[in-house]
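So the chains spell out like this:
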Amino acid sequence: MKISSKVLMATLAVSLLPAMACAQGQEKPPVKVIHMTAQRYKFTPNVITAIQGQRVRIIITALDRKHGFKLAAYHINQVLLKGDPATIEFTAAKAGTFTFRCSVFCGMGHLRMKGKLIVKPAKKP
Ligand SMILES: [Cu+2]
């Protein structure tokens, strides 16, 4: 009987752990995760949105060659190596529409390889 109650306690503790981790996670603001690809001469998706103050994580994979992801308004410039996902994380603190573009010359269409980050103003209480 003693052994089986110990096993039961251990089982309960293990099953409660994920619930506790989840409750702790709720205190942090949620992160918006965006998966993106880069290839001549576009980012997919090329329009991304966030709410002001939101934490944004963009995971970008260059599919065909080396590219870059430059979001000047947020002082981000990341080289993207072919087939190697790069993670960019920032807080969308400024509302507005901001252009991001390729920052590694990749061919004739390089200058038009760009997209938009739209940060909607946070609602006032
Ligand atoms: Cu380029």
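By convention here, each chain's residues receive numbers from 1 onward along its written sequence. Given that this is a predicted model, residues contribute local features only at a pLDDT of at least 70 and side-chain atom pairs are listed and counted only at 80 or more, while totals for whole chains, interfaces and linings are drawn from all residues. Calculated side-chain values reflect all of the structure's heavy atoms, with hydrogen atoms and water omitted.

A. Spatial organisation of the sheet that holds strand S1 (residues 31–39). Pairing between two strands requires that DSSP report at least two bridges joining them. For helices the rule is a DSSP run of H or I covering at least 4 residues; for strands it is a run of E covering at least 2, with both sets numbered from the N terminus onward. Within the open sheet, the four strands sit side by side as S2-S1-S4-S7. Their pairing is mixed. Every other strand in the sheet has two partners, leaving strand S2 (42–44) and strand S7 (86–91) as the edge strands with one partner each. Sheet twist, expressed as the mean angle between neighbouring strand axes with direction ignored, is 25 degrees. Pairing geometry for S1 and S2, over three bridges, is antiparallel. Axis definition: a line fit to C-alpha positions, over the contact stretch in the case of helices; interaxial angles, taken between N-to-C directions, run 0 to 180 degrees.

B. Quick look at the nonpolar core. We call a set of buried residues a nonpolar core when its members are Ala, Val, Leu, Ile, Met, Phe, Trp, Tyr or Cys and they connect through side-chain atoms within 4.5 Å of each other. Three labels apply to residues, based on accessible area from a 1.4 Å probe with only protein chains included: buried if under 20% of the type maximum, exposed if over 50%, partly exposed otherwise in between. Residues Phe 43, Ile 58, Phe 69, Leu 71, Tyr 74 and Phe 90 are the most contacted members of the largest nonpolar core, which totals 26 residues. For this core, the element with the most residues is strand S4 (residues 55–62), which contributes four residues. Excluding residues that lie within four positions of it along the chain, Leu 71 makes contacts with Ile 76, Phe 90, Phe 98, Thr 99, Phe 100 and Leu 117. Any two residues whose heavy atoms approach within 4.5 Å are treated as being in contact.

C. Just the packing of aromatic side chains, in detail. Between rings of Phe, Tyr and Trp, where Trp is taken as its six-membered ring, a pair exists when centres lie within 6.5 Å; planes separated by under 30 degrees are stacked, by over 60 edge-to-face, and by other angles tilted. Per the counting criterion, the structure on display carries five aromatic pairs. Taking the centre distance of 5.1 Å and the plane angle of 45 degrees together, the rings of Tyr 74 and Phe 90 count as tilted. Of this pair, Tyr 74 sits in the loop between strand S5 (67–71) and strand S6 (76–80) while Phe 90 is found in strand S7, placing the two residues 16 residues apart along the sequence. The exposure classification of Tyr 74 matches that of Phe 90, with both residues buried. Taken together, the aromatic side chains of Phe 43, Phe 69 and Phe 100 make up a single cluster linked through ring pairs. Geometry around Tyr 74 places Lys 94 over its ring, the cationic atom sitting 4.8 Å from the centre. For a Lys NZ or an Arg CZ to count as sitting over a ring, it must be within 6 Å of the ring centre and within 35 degrees of the ring normal.

D. Main features of the coordination of the copper ion. Note on donors: an N, O or S atom is included if it sits within 2.8 Å of the metal, or within 3.2 Å for Na, K and Ca, and water is never included, so sites can look incomplete. At the metal site, the copper ion is ligated by Cys 102 (SG), Val 104 (O), Cys 106 (SG) and His 110 (ND1), and these contacts range over 2.0 to 2.4 Å. Each label reflects the angles at the metal, where four donors whose angles all fall between 85 and 135 degrees are tetrahedral, four or six donors whose opposite pairs open beyond 155 degrees and whose other angles stay between 65 and 115 are square planar or octahedral respectively, and the rest are irregular. In this structure, the copper ion is surrounded by four donor atoms whose angles at the metal cover 84 to 125 degrees, and the resulting shape is irregular. Donor residues for the copper ion sit on one chain with the sequence pattern C-x1-V-x1-C-x3-H. Taken as a pair, Cys 102 and Val 104 share a single burial class, namely buried.

E. Highlighting the environment of Asp 84. Summarising the element assignment, Asp 84 is placed in the loop between S6 and S7. Contact partners of Asp 84, with chain neighbours within four places excluded, come to Ile 60 and Thr 61.

Read these as geometric descriptors, not functional statements.
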